[in-house]
Each structure stands twice: as structure tokens, then as C-alpha cells.
Amino acid sequence: MARIARYYREYGLRIVKGLLQYVWDDGGRRYLDCNTNHGVAFLGHANPKIVEAVRRQLEEVWAVPLNFSTPARERFIEEFSRLLPAKFGVVFLQNTGTEAVETAVKIAKKITRRHTIVAFTNSFHGRTMGSLSITWNERYRKAFEPLYPHVRFGKFNVPTEVDKLVQEDTCCVVVEPIQGEGGVNPATPEFLKALREETQRKGALFIIDEVQTGFGRTGAVWAFQKYGVEPDIFTAGKAVAGGLPIGLAVAREDFGDVFEPGEHGSTFAGNAVVMAAAAAASRLLREEDVPAKAERAGAELAKALGEVESRLAVRVKGMGLMLGLELRVKADQFLQPLLERGVLGLTAGVNTLRFLPPYMITREDIELVHAAVSEALKRAQ
Ligand SMILES: *Cc1c(COP(=O)(O)O)cnc(C)c1O
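Residues numbered from 1 in each chain as written. Predicted model: local features only at pLDDT ≥ 70, side-chain atom pairs only at ≥ 80, totals over all residues. Heavy atoms only, no water.

(A) The arrangement of the UniProt feature "modified residue: N6-(pyridoxal phosphate)lysine" (unreviewed entry) in the protein chain in detail. Under the feature "modified residue: N6-(pyridoxal phosphate)lysine" (unreviewed entry), the UniProt entry names Lys238. Locating lysine 238 in the fold gives a position in the loop between β11 (233-236) and β12 (247-252). Among residues more than four places away in sequence, those in contact with lysine 238 are His38, Val40, Val211, Gln212 and Ile246. (UniProt positions renumbered as here; feature names shortened; annotations may be inferred. Helix = DSSP H or I, 4+ residues; strand = E, 2+ residues; numbered from the N terminus. Contact = heavy atoms within 4.5 Å.)

Structural data, given as C-alpha cells:
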């Protein structure tokens, strides 16, 4: 029998079931899921409303290319449109976050006819060659160089350097409103405003990567709404289809015809089952006011993490239910101890424990996180 290639750390956990904020292992033990497959299961595992929509779609039709229309896609665009600020009138369908970023950059290259991309220290935009070229961490990039050569990295959150960074040759600026993989680092309002103004002045496009921050997690549907700054294009992915693979680039309506037929595409893009899931997820987000719930639960979780008494804990970072606990030491040594105490988490950067729980996390769940983190850190000092 072949084996599955190994390029992830393994924790010896075999998950056999998921329901809302919990998963269960093959021994019947329950875990609070603050990993959620890198934030994918933000609406909870097997959310009944999404399950029902997918189940219905499975009996209708699965695979319909973008050349033909199909009701699942019509329902998706109707529901998803209600989550978009007025400026955004067109959605490019893809299957993953990295493809969404690639698509956004392709749009920008074609519209501006320029080729230099500006990105930032500690950025993460994906692992295909284009997105990897604007991802900062050497550990992800080194073995695959040369990558796309026309990239300028600037310092994240340094608005005074933006003027020098964005030039007449700049095609686009790509930034995460809160850096996820890079350490749960929120952008400052001044920084995003400087990027918005400078791209406008120099004729470059401003791309905000919402693959991790988007779809309600930060307390707004899109994190840029919290900043009062609108990009020309933004990307989404992870949570949008309730757990199925999706990636989206969202743009001004007039960018909708930028590609000639055949100039861009993807076999699986707009898959009917994924569209049914994303339509149900979009509806649920609005009807249950998920962003407001993420905001409230996020404030409680941030408070609980801030009350962890340990000399190893430095500070709590993030927004809504995208939170990091920065430590004085490497964070990955605590994932196993947390797991043993019934909590699945992630790391971000080197020193940050990251928590991306589903929006329905309760006060009791938050107390469990507090206890598990407190004990895990206590054992280490
Ligand atoms: C996860 C992530 C991506 C890549 O998404 P994939 O679905 O893994 O390709 C891109 N940008 C950001 C900000 C992400 O967090």
C-alpha cells in the first residue's frame, strides 16, 4: 500500500467525527477544535444547515463546468452578494486560497500592464509559485527559488515607507489585514490607509488577502470593513464553503471581463456541491449574525487568554476569533500538551499559539482553553 506523503508534523491523533465546535478521536475522546483545519470549520463541523444543503445537492448534480449555468451557482451568487460592500460586483471562482491570490494578481497584471508586486515581511499568501513569491518566510521559499522575480518586500506596519515602496512600476500591493501564519499580527489603520492612498496615487491595484480573516472571523464579514479601507480586489477562501475547498477573488464589477474566454480557468471552480455549501454558509453567516457572535466570543476568549498566569506569556494578539497568545519561547512545543488536555490549536510565526475556533464556542469552552493553556505553560516553566 502506498503512503500519504509527509510534510506536516503529526500528533498521533485520529479524528473520526466532528460536530460544531468539537471533534472526536477513535477512542471516543472529545476535543474542542480551535484549529478547525486552519480556520476552515469556522461555522462548525457538519453544521446541520450546511449538511442539509449539501445533501440535497448531492442528489441533483455535482459537476457542471463554468460554461453552463446551474441553480447551485445562482443561489451562491445571490447569497454571497449580500455579504459584499456595494463596490464589489464580481466574483472569480477558484478552489483554494492560493489560487484566489494568483487570480487577483493576474487581474492586476492585466489591468495595469505592470509587473512588480509589493508584499510585506511575515506575509503568507499560499504555496503555488506565484503566491509563494509574495510569501515572506524563507523556510517556505528557499528550496523553490528562483520564484517570480519582480517582488518588493516592505516592512509590515511601517506607513512612512509606503511612499518609497509603491512606485510607478508597481502592479499591485498585496497585504493581509491580520497576518495569520506570520504571527497573528493586525495591520494598523494608518498602514492600510497609507497603502490605499499610495496605490491610488501611483495607479497600482490594492489587493487585501482575506483568505484567513474573511467571512466573519474578525467580527466583521470582511476585516477591511473594520478598518474603513476598501481594496480594489480581495481574496477569500478557508471558511467560505463551510469546510469544502473554495477560493474567491472579489473585485469591482468592471474588472469582470478582464480575461478573454480561455485565458483563465480551473476545472473544479464553481463545483455545484461546493456552491451549495457556500450558499448555505453565506446565508447562515447573515441570518445568525455570525460576525457579531465572533466579536463577543472573541472578546471573552481574548480576556481568558490574557488571564493566563505564566511568565512565558507575553500578550494576546488578534481580532474577533482570530487570536494569538505570544510566548517568550517556541510555541509548537505546547500543541501536544494542549491536545492532551482536550484542546486543538495551531501556531503562528515561531512564538505564537494561535486559536481559530468556530463561532459557537461557549463560555464553558473558553474556560477549558484557559485551563488547558494555563496547565500546559505551567508544566514548562
Ligand atoms: C491559508 C492562506 C492562504 C492559502 O490558502 P490555501 O487554501 O491553503 O491555498 C492564502 N492567504 C492567506 C492569508 C491564508 O491564510
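(B) Just the sheet that holds strand β3 (residues 30-33), in detail. As summarised here, the arrangement of the 4 strands in space is β1-β2-β3-β15, forming an open sheet in which the pairing is mixed. The strands lining the two open edges of the sheet, one partner per strand, are β1 (15-19) and β15 (343-344). (Pairing = 2+ DSSP bridges.)

(C) Inspection of unusual backbone geometry at higher detail. In this structure, the amide linkage connecting glutamate 145 to the following residue, proline 146, adopts the cis form with an omega of 5°. Following the sequence through the fold, proline 146 ends up in the loop between α6 (138-141) and β6 (151-154). For threonine 36, which is not glycine, the phi dihedral falls at a positive 45°. Assignment of secondary structure puts threonine 36 in helix α1 (residues 36-39). One non-glycine residue with positive phi stands out, namely alanine 46, at about 45°. When its relative accessible area of 42% is taken as the criterion, alanine 46 is described as partly exposed. (Buried < 20%, exposed > 50% of the residue type's maximum accessible area, 1.4 Å probe, protein only.)

(D) Quick look at the sheet that holds strand β10 (residues 205-209). Taken in spatial order, the 7 strands make up an open sheet running β4-β12-β11-β10-β7-β5-β6, and their pairing is mixed. Strands with a single pairing partner mark the edges of an open sheet, and in this sheet they are β4 (88-94) and β6. Pairwise comparison of adjacent strand axes, ignoring direction, gives a mean angle of 20° for this sheet. (Axes fitted to C-alpha atoms, helices over the stretch in contact; angles between N-to-C directions.)

(E) Representation of the site of the ligand in the model. Around the ligand lies a shell formed by Thr96, Gly97, Thr98, Phe124, His125, Gly126, Glu176, Asp209, Val211, Gln212 and Lys238. Within the contact set of the ligand, an oxygen atom lies 2.8 Å away from a backbone nitrogen or oxygen of threonine 98. In the model, an oxygen atom of the ligand is placed 2.7 Å from a nitrogen or oxygen of the lysine 238 side chain. Taking 380 Å² as the accessible area of the ligand by itself, protein coverage stands at 81%. (Near = heavy atom within 4 Å. Polar contact = N/O pair within 3.5 Å; in protein donor to acceptor, adjacent residues only side chain to side chain. Areas by Shrake-Rupley, 256 points an atom, 1.4 Å probe, with all protein chains shown as cover.)

(F) Molecular detail of the domain arrangement of the protein chain. Domain assignment breaks the protein chain into domain 1 (15-46 + 290-380) and domain 2 (48-287). When each unit is reduced to the centre of its C-alpha atoms, the spacing between domain 1 and domain 2 is 26 Å. For the domain 1 and domain 2 pair, buried surface summed over both sides reaches about 2300 Å², with 64% attributable to carbon and sulfur atoms. On the domain 1 side of the contact with domain 2, Leu43, Met319 and Met322 bury the most area, a combined 30% of that side's loss. Here domain 1 and domain 2 share 2 salt bridges between them. (Domains from an automatic or database assignment. Buried area = accessible area lost by both parts, 1.4 Å probe. Salt bridge = Lys/Arg side-chain N within 4 Å of Asp/Glu carboxyl O.)

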